[in-house]
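Each chain, letter by letter, is given below.
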Amino acid sequence: MPTSLPEYELYAIRYATREGLRRDNFIGGDPHDGPMPMAYYSWVASGGSGVYVIDTGFTAEMARERKRTFLRCPVDSLTLLGLEAAAVRDVILTHLHYDHVGNFHKFAGARFHLQEREMAYATGKYMRYPRIGLSYHVEDVVGLVRLNFKGRVEMHSGVVEIAPGLTLHPTYGHSDGLQSVRVHTRRGWVVLASDATHYYENMATNRPFTTAFHIGQMLDAYRTLERLAPTSRHIVPGHDPYVMQEYPAAKPTLQNVVARLDLDPIAPALSFAGPARH
Ligand SMILES: [Zn+2]
């Protein structure tokens, strides 16, 4: 059936990294422990009805505070794509963890889309527990509260189409109000999982990441991602370094910096030993 949906270009900007061990990335640890570094991304969907920035990363100051390796400011990096933060009208926040919402103040003309449930969680009673609250930076959360008083926060409840070819989907569990983003591209629907699966391996082996609010919902969220994507190669995890090798660079000079997720992968899918999917 012909579709009249717009086709967005979809970019992943890698802005930071950290070292880590396999046991850090799976609930229950890992019997074959070894290095398993993490990448940090911001994403941009461009085309159709405009430009949508999806998550805003963290600042250089936050990188110092949390001892992450800061490669580049995700907001300044928009210029690599010919974009300027001041001109962005819509920012989608998958959730309010520090590595997804820092820099929000640099989008002076934007409104921010998130799940109402994420705001309730981030301002709710569980933040008193460091195991949960430390994933948030209180000034980010307060900043979003202030923006809401200015009418600049769109809080959604459940699945929503915010523009033709661009839909938001609850994938609760990692945080109580996490959402994933489905973007229509020239290769069909691409699902930005964000932290619904940090790595390909979390989802492929049904072993959730260690930062968790509700483990059952995290497992169910993998099924949601599967339903939303035409194939497993249309699901993009939130923190997997492999994404930069898997997809073509936006330009030859942007190798390992900006990847094109709307183009077919140029490297094979990873495969994993582990328990069956279901
Ligand atoms: Zn994250």
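You'll find the structure just up there.
Remember, it's a predicted structure, so these values are computed and weren't measured experimentally.

Conventions used here
Residues numbered from 1 in each chain as written. Predicted model: local features only at pLDDT ≥ 70, side-chain atom pairs only at ≥ 80, totals over all residues. Heavy atoms only, no water. Helix = DSSP H or I, 4+ residues; strand = E, 2+ residues; numbered from the N terminus. Rg over C-alpha atoms; globule rule 2.2 N^0.38 Å. Buried < 20%, exposed > 50% of the residue type's maximum accessible area, 1.4 Å probe, protein only. Contact = heavy atoms within 4.5 Å. Areas by Shrake-Rupley, 256 points an atom, 1.4 Å probe, with all protein chains shown as cover. Lys, Arg positive; Asp, Glu negative; His and termini not counted. Charge placed at Lys NZ, Arg CZ, Asp CG, Glu CD. Donors = N, O, S within 2.8 Å, 3.2 Å for Na, K, Ca; no water. Tetrahedral: all angles 85-135°; square planar, octahedral: opposite > 155°, others 65-115°. Core = buried A, V, L, I, M, F, W, Y, C linked by side-chain atoms within 4.5 Å. Expected span 1.5 Å × (residues − 1). Phe/Tyr/Trp six-rings, centres within 6.5 Å; stacked < 30°, edge-to-face > 60°. Salt bridge = Lys/Arg side-chain N within 4 Å of Asp/Glu carboxyl O.

A. Up close: the overall build of the protein chain. When its secondary structure is counted, the protein chain shows 8 helices and 13 strands. Taken over C-alpha atoms, the radius of gyration comes to 17 Å for the protein chain, in line with the 19 Å a tight globule of 278 residues would show. If you line up the protein chain on its principal axes, its C-alpha atoms span 50 × 50 × 35 Å. The buried share of the protein chain, reckoned over its 278 residues, is 58%. For the protein chain, the proportion of contacts with a sequence separation of at least 24, taken over those separated by at least 6, is 66%. Of the roughly 12100 Å² of accessible surface on the protein chain, 54% is carried by carbon and sulfur atoms. Looking at charge distribution, the protein chain has the averaged site of its 29 positive side-chain charges lying 2 Å from that of its 28 negative ones.

B. Highlighting the coordination of the zinc ion. The protein atoms that coordinate the zinc ion are Asp99 (OD), His100 (NE2), Asp195 (OD) and His239 (NE2), at distances of 2.0 to 2.3 Å. Around the zinc ion, the 4 donor atoms sit at angles spanning 91 to 162°, and that spread fits a shape best called irregular. Along the chain, the residues donating to the zinc ion fall in the pattern D-H-x94-D-x43-H. Of this pair, His100 sits in helix α2 (residues 98-101) while Asp195 sits in the loop between β11 (188-194) and α6 (200-204), and the two are 95 residues apart along the sequence. Exposure class is identical for His100 and Asp195. Each is buried.

C. Region of the structure containing the side chain of Gln179. Within the fold, Gln179 resides in strand β10 (residues 179-185). Residue classification places Gln179 among the buried positions, given a relative accessible area of 0%. Excluding residues within four positions of it along the chain, Gln179 makes contact with Ile92, Leu93, Thr94, His113, Leu114, Gln115, Leu168, His169, Pro170, Thr171 and Ser194.

D. A look at the nonpolar core. Core analysis: the largest hydrophobic core is formed by 33 residues, its most contacted members being Leu96, Phe107, Phe112 and Leu144. Of all the secondary-structure elements, those providing two or more residues to this core are β1 (9-18), β6 (111-115), α3 (116-122) and α5 (138-149). With 28 residues, the next largest nonpolar core counts Ala12, Val160, Val181 and Val243 among its residues.

E. Expanded view of helix α7 (residues 215-228). Between its first and last C-alpha, α7 extends 20 Å over 14 residues, near the 20 Å set by a 1.5 Å rise per residue. Residues Met218, Ala221, Tyr222, Arg223, Thr224, Leu225 and Leu228 constitute the buried set of α7. Each element contacted by the buried residues of α7 is listed here: β9 (166-170), β10, β11, α6 and β12 (235-237).

F. Structural detail: the packing of aromatic side chains. Using the criterion set out here, one finds 11 aromatic pairs in the structure. Taken together, the ring pairs connect Tyr15, Tyr40, Phe58, Phe70 and Tyr98 into an aromatic cluster.

G. Representation of the pattern of salt bridges. The full count for this structure, using the stated rule, is 14 salt bridges. Of the charged contacts, one joins Glu201 and Arg22 as a salt bridge, the two residues approaching to 2.8 Å between their closest N and O atoms. With Glu201 in helix α6 and Arg22 in the loop between β1 and β2 (38-47), this pair connects stretches of sequence that are 179 residues apart. The exposure class assigned to Glu201 is buried, which follows from its relative accessible area of 8%.

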